[in-house]
Amino acid sequence: MNDGMGLAIPSLRGQVSAAEWQARVDLAACYRLCEMFGMSDMIYTHISARVPDEPGHFLLNCHGMLFGEMTASGFLKVDLDGNVVSKPAFDYGLHPAGFVIHSAIYRARPDAMAAMHTHTIAGMAVSALKCGLLPLTQTATRFHGRVAYHDFNGPERDPAERDLIARNLGQHHCMVLRNHGLLTVGPSVAEAFNFMYGMERSCQAQLAAMACRTPLNVLPQAVVDKATALYEPGVIRPYGLLEWAGLLRMVDRRDGTAWRL
Ligand SMILES: [Zn+2]
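A brief structural summary. (Residues numbered from 1 in each chain as written. Predicted model: local features only at pLDDT ≥ 70, side-chain atom pairs only at ≥ 80, totals over all residues. Heavy atoms only, no water.)

Side note on the overall build of the protein chain
Working step 1: Along the protein chain, the regular secondary structure elements total 8 helices and 8 strands.
Working step 2: What you see for the protein chain is a C-alpha radius of gyration of 18 Å, in line with the 18 Å of a compact globule of 261 residues.
Working step 3: For the protein chain, the spread of C-alpha atoms along the principal axes amounts to about 55 × 40 × 35 Å.
Working step 4: Put simply, the protein chain has 261 residues, and 48% of those count as buried.
Working step 5: In the protein chain, the proportion of contacts linking residues at least 24 apart, taken out of those at least 6 apart, comes to 68%.
Working step 6: Counting every atom, the protein chain has about 11,700 Å² of accessible surface; 57% of that belongs to carbon and sulfur. (Helix = DSSP H or I, 4+ residues; strand = E, 2+ residues; numbered from the N terminus. Rg over C-alpha atoms; globule rule 2.2 N^0.38 Å. Buried < 20%, exposed > 50% of the residue type's maximum accessible area, 1.4 Å probe, protein only. Contact = heavy atoms within 4.5 Å. Areas by Shrake-Rupley, 256 points an atom, 1.4 Å probe, with all protein chains shown as cover.)

Dropping the structure here:
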C-alpha cells in the first residue's frame, strides 16, 4: 500500500481551476497506472498533460519522484519555453529530455492534451527492430500505418530537436522512438494511456511470437486494413474513456485516495 503522501505535498485543490484540477487528477492516476501495468522505468520517463484552460502550459513530473508517488498537486507546471511556472516546495526539478519531448508535442499539436513516454522492455525491443511494429495480432492491427518513427540522435536534450520530433510525429497519436522507447499523444490523458496500453501489448505479443522461431501467420492485407479502419478513434467509440473511471477506482483500491489530493 502506498498512500502517496511520503513527500507531504500540500494540496492545490481550490487554488487552480476545476479544469486544471481534473487534468492533475487524471495525470496522477496515469503515472500510478503506468507503474501498475509494468510500464514505468523508475524516474526515467515522463507523462504530461496540457492545462486545459492555459494552453501554453503543461504539467510534468518532478524529476526524482517515482511514478507510484505522484499526487495531483505534485507536478511542475511548465511553459513551452521551459520556464517552470509553478512547482511543489521541494528540490526535484525539470528533466531536460522530458521538456524537449513534451514541449515539442504541445507546440506542434493543438489537439494534444496529454503525452506519455515509456522505456518498457517490449517497447525498447520493438524500437530496435528494423521492421518496427507489425500487424500480427488483432490488438496490433489498430496501429498499422498509424505509427510514426523517430530516429535516435542521442538523449533529447537539445530544444532544436523539437522540430524534428514534431515533423516525424505528424498527425499520428503513436510514435516509436527508435532504439529508445514508445510515445503516445491523446486528446485526453485517458486516451493517451489507452494508446500506450495497446502499443505495449502489441509489442509484447509481437516479441513473444517472433521468439518462437516458427513461421508467423501473417494476416492478409485486406483483413489488416479492415481491422485498422474499425479501430480508428470514433468509429466505434473513442478508446480509453469507457474504462477510465474503473481504472481510477483500481488505483483507489491499491493506493487509497490520498493521490487525489
Ligand atoms: Zn526516454
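Additional details are given in the paragraphs that follow.
Comments concerning a nonpolar patch on the surface
Working step 1: A contiguous nonpolar surface patch, about 300 Å² in accessible area, is contributed by Met-42, Tyr-44 and Leu-66.
Working step 2: Secondary-structure assignment places Met-42 in the loop between helix 1 (18–36) and strand 1 (47–51). (Patch = residues over 30% accessible without salt bridge, like charges linked within 9 Å, V, L, I, M, F, W, Y side chains within 5 Å. Salt bridge = Lys/Arg side-chain N within 4 Å of Asp/Glu carboxyl O.)

Some details on the pattern of salt bridges
Working step 1: Following the criterion strictly, the structure yields 11 salt bridges and no others.
Working step 2: As a salt-bridge pair, Lys-77 and Glu-54 come within 3.0 Å of each other at their nearest N and O atoms. Taken together, the positions of Lys-77 in strand 3 (residues 75–79) and Glu-54 in strand 2 (residues 54–61) put the pair 23 residues apart, joining distant regions of the chain.
Working step 3: For Glu-54, a relative accessible area of 26% puts it in the partly exposed group.

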